Amino acid sequence: MKSLAIIGAQWGDEGKGKISDYFGQKADLVVRFQGGNNAGHTIIVGDVKTILHVIPSGVLHKNCLSIIGHGVVFDPEAFLVELEEVRAATEITGDNLKISLGAAVITSYHKIIDGIREEGSGTKIGTTKKGIGPCYEDKISRRGIKIKDLFDLENLEARLEEQIMEKKFLFDNLYKCEYPSCKEEAKKLFELGKILKPFVADTFGLIDDAVKAGRKILFEGAQGVLLDIDYGSYPFVTSSNTSSGGVYTGAGLPGKQLDESVGIVKAYTTRVGTGPFPTEQLNDMGELIQTKGHEFGATTGRRRRCGWLDLPLLKYSAKVSNLTSLAVTKLDILSGLDELKVCVGYEYEGEIYETAFPGLDLEKVKPVYRDMTPFNDTFENGELSTELGEYIDIIEEFVGVPVGILAYGPERSQISFRKEYF
Ligand code: GDP
Ligand code: IMO
Ligand code: MG
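Residues numbered from 1 in each chain as written. Chains lettered and ligands numbered in written order. Predicted model: local features only at pLDDT ≥ 70, side-chain atom pairs only at ≥ 80, totals over all residues. Heavy atoms only, no water.

Visitor: How do you make sense of the overall build of the protein chain when you look at a structure like this?
Guide: A count of helical and extended segments in the protein chain gives twelve helices and 20 strands. By the compact-globule yardstick of 22 Å for 422 residues, the protein chain fits well, its C-alpha radius of gyration being 21 Å. Projected onto its principal axes, the C-alpha positions of the protein chain cover 65 × 50 × 40 Å. Relative to all contacts within the protein chain whose residues are 6 or more apart in sequence, the contacts with residues 24 or more apart total 76%. Accessible area for the protein chain stands at about 17,800 Å²; split by element, carbon and sulfur atoms hold 50% of it. (Helix = DSSP H or I, 4+ residues; strand = E, 2+ residues; numbered from the N terminus. Rg over C-alpha atoms; globule rule 2.2 N^0.38 Å. Contact = heavy atoms within 4.5 Å. Areas by Shrake-Rupley, 256 points an atom, 1.4 Å probe, with all protein chains shown as cover.)

Visitor: What am I meant to see in the nonpolar core here?
Guide: Most often, soluble globular proteins keep nonpolar side chains buried together rather than apart. One finds Phe219, Leu311, Leu331, Tyr391 and Ile395 to be the most contacted residues of the largest nonpolar core, which totals 67 residues. A domain split of this core shows at least three residues from each of domain 1 (3–101 + 199–250) and domain 3 (265–417). With sequence-adjacent residues up to four places away left out, Leu331 is seen in contact with Ala267, Phe375, Phe379, Leu388, Tyr391, Ile392, Leu406 and Ala407. Counting 36 residues, the second largest nonpolar core, distinct from the first, contains Leu80, Leu150, Cys177 and Cys182. (Core = buried A, V, L, I, M, F, W, Y, C linked by side-chain atoms within 4.5 Å. Buried < 20%, exposed > 50% of the residue type's maximum accessible area, 1.4 Å probe, protein only. Domains from an automatic or database assignment.)

Visitor: Before we go on, may I ask you to explain unusual backbone geometry in this structure?
Guide: Glycine aside, a negative phi is what most residues show, and trans is what most peptide bonds show. Across the junction of Tyr234 and Pro235, the peptide omega takes the value 5 degrees, indicating a cis bond. On the secondary structure map, Pro235 appears in the loop between β10 (217–220) and α8 (245–250). One non-glycine residue, Asn322, lies in positive phi territory at about 45 degrees. Checked against the element boundaries, Asn322 lands in the loop between α10 (311–320) and β15 (325–329). What makes Asn322 exposed here is its relative accessible area of 55%.

Visitor: Sorry, what's going on with the domain arrangement of the protein chain here?
Guide: Interfaces are often described in size by the accessible area the parts lose on coming together. Assigned domains of the protein chain: these are domain 1 (3–101 + 199–250), domain 2 (104–196) and domain 3 (265–417). A C-alpha centroid distance of 24 Å is found between domain 1 and domain 3. Counting from both sides, the interface comprises 32 residues of domain 1 and, opposite them, 36 residues of domain 3. Surface buried jointly by domain 1 and domain 3 totals about 2,800 Å² across both partners, of which 61% is contributed by carbon and sulfur atoms. Across the salt bridge formed by Arg304 and Asp13, the nearest N and O atoms sit 3.0 Å from each other. Here domain 1 is connected to domain 3 by 20 residue pairs in polar contact (both at pLDDT 80 or more). Elements with a minimum of two residues in the side of domain 1 that touches domain 3: α1 (16–24) and β3 (41–45). At five residues, α1 tops the list of elements feeding residues into the side of domain 1 that touches domain 3. Partitioned by chemical class, the residues of the side of domain 1 that touches domain 3 number 15 nonpolar, 13 polar and four charged. (Buried area = accessible area lost by both parts, 1.4 Å probe. Salt bridge = Lys/Arg side-chain N within 4 Å of Asp/Glu carboxyl O. Polar contact = N/O pair within 3.5 Å; in protein donor to acceptor, adjacent residues only side chain to side chain. Nonpolar A, V, L, I, M, F, W, Y, C, P; charged D, E, K, R; others polar.)

Visitor: Would you explain the side chain of Thr90 in this entry?
Guide: Here Thr90 is to be found in the loop between α2 (76–87) and β7 (97–100). A distance of 2.9 Å separates a polar atom in the side chain of Thr90 from the backbone oxygen of Val59. Apart from the residues within four sequence positions on either side, Thr90 is in contact with Val59 and Leu60.

Visitor: Would you mind going over the site of ligand 1 with me for this structure?
Guide: Among the 20 residues in the neighbourhood of ligand 1, the closest are listed as Lys16, Gly17, Gly40, Thr42 and Asp332. In the environment of ligand 1, an oxygen atom lies 2.8 Å from a nitrogen or oxygen atom belonging to the backbone of Gly40. Taken by itself ligand 1 offers 590 Å² of open surface, and the protein chains cover 92% of this. Where the shell around ligand 1 is concerned, the elements lending two or more residues are α1, β3 and α11 (331–334). Residues that form the shell around ligand 1 fall into these classes: six nonpolar, seven polar and seven charged. If you count residues domain by domain, the shell around ligand 1 takes at least three from each of domain 1 (3–101 + 199–250) and domain 3 (265–417). (Near = heavy atom within 4 Å.)

If you want it as structure tokens, here you go:
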């Protein structure tokens, strides 16, 4: 097995950082292919906690090359702040971290728009306000700035003029806000570009070479399938392809298919921001899981909404991302609860559905629950109780994908394997 993708199978924050970190110990390359610093991936090794936003988890491993692919939206200012923070835990240079020349740049204008929209009167997505959506909008509408544009001041200013032409009208007349001139913004980005230069490369070529040399490549997904712009709970989604398809467009795996796509699944469900959440528990159980699981966003600090595991959504994610195995995390948080349920279907317009599908109105579905026997496992001797075994069995049977990994604590070592990976 040479190429393995970590894919969030729910609404993000499933524990991708922890699982990526584990595989990163063996990988030659760790590649981010979509999203940006809206992600917050937590890695805990001993007493040291690191939260990564746009920097791939591979930086924590010696002899591993980390790559920020062309499908990522990249904020140079936020990157430099993160770089300083993460450098306290590990060495990062232009030798072990490369950023694609083709990645789209998040400008001040994108951050202003994201912030104002969240405070305005329209639909509130509950974004991370990092400028992610507006940056992808400009990329798609061909008004984006790419990393390669940062090194020629004159061209950069011209590109920014193009980007801001229509936005000026919004800033002046609708938002009535302050914003930097193109000259100021170009100067700032040009100076940041000089600092970034040692990190910048043709990452597509590096991945191609690594594939040809038979190296082990880990693709570190951000967010989750249900936040995918095409497959997720639109409009309450992020603006990239978070499913495994994003690997092919946002990083490149020339002429190859992923050998393994591991879906990361929290043993229950959480969501930050607004949008439908069929199994949400707006009651004492939801509160208990939130508190016990320390469910606060790693990027924004917001409380995460909590609910039971939703198997129809998981079955859908598995189809969408062609998941070949699952990693179930945070089992320790469910252990010891006196009640345990899983959603095994949706009642919708008089029919029962076992799997979600694009366009299904999740606001209108009524979850059908199965009561499970609660488990109380300490995870000390590697044996699963019969009750926990039943919980894992129902996931495997319902979704039709084997559970290869169990995680039962935040620390790197709190993990067990039921299958061999790379
Ligand atoms: P990501 O965005 O998918 O990488 O997940 P986050 O880092 O945003 O959130 C997952 C949280 O759960 C982090 O605080 C992790 O340290 C923690 N975590 C991961 N796996 C486990 C686990 O098996 N048990 C417990 N208790 N915490 C876990
Ligand atoms: P990781 O990689 C959880 C959510 C936001 C909001 C929606 C759109 O840590 O799992 P955006 O800023 O992307 O335009 O916000 O997506 N969101 C996440 N939720 N985990 C994430 O990343 C997220 N990244 C974005 O809360 O609902
Ligand atoms: Mg997170």
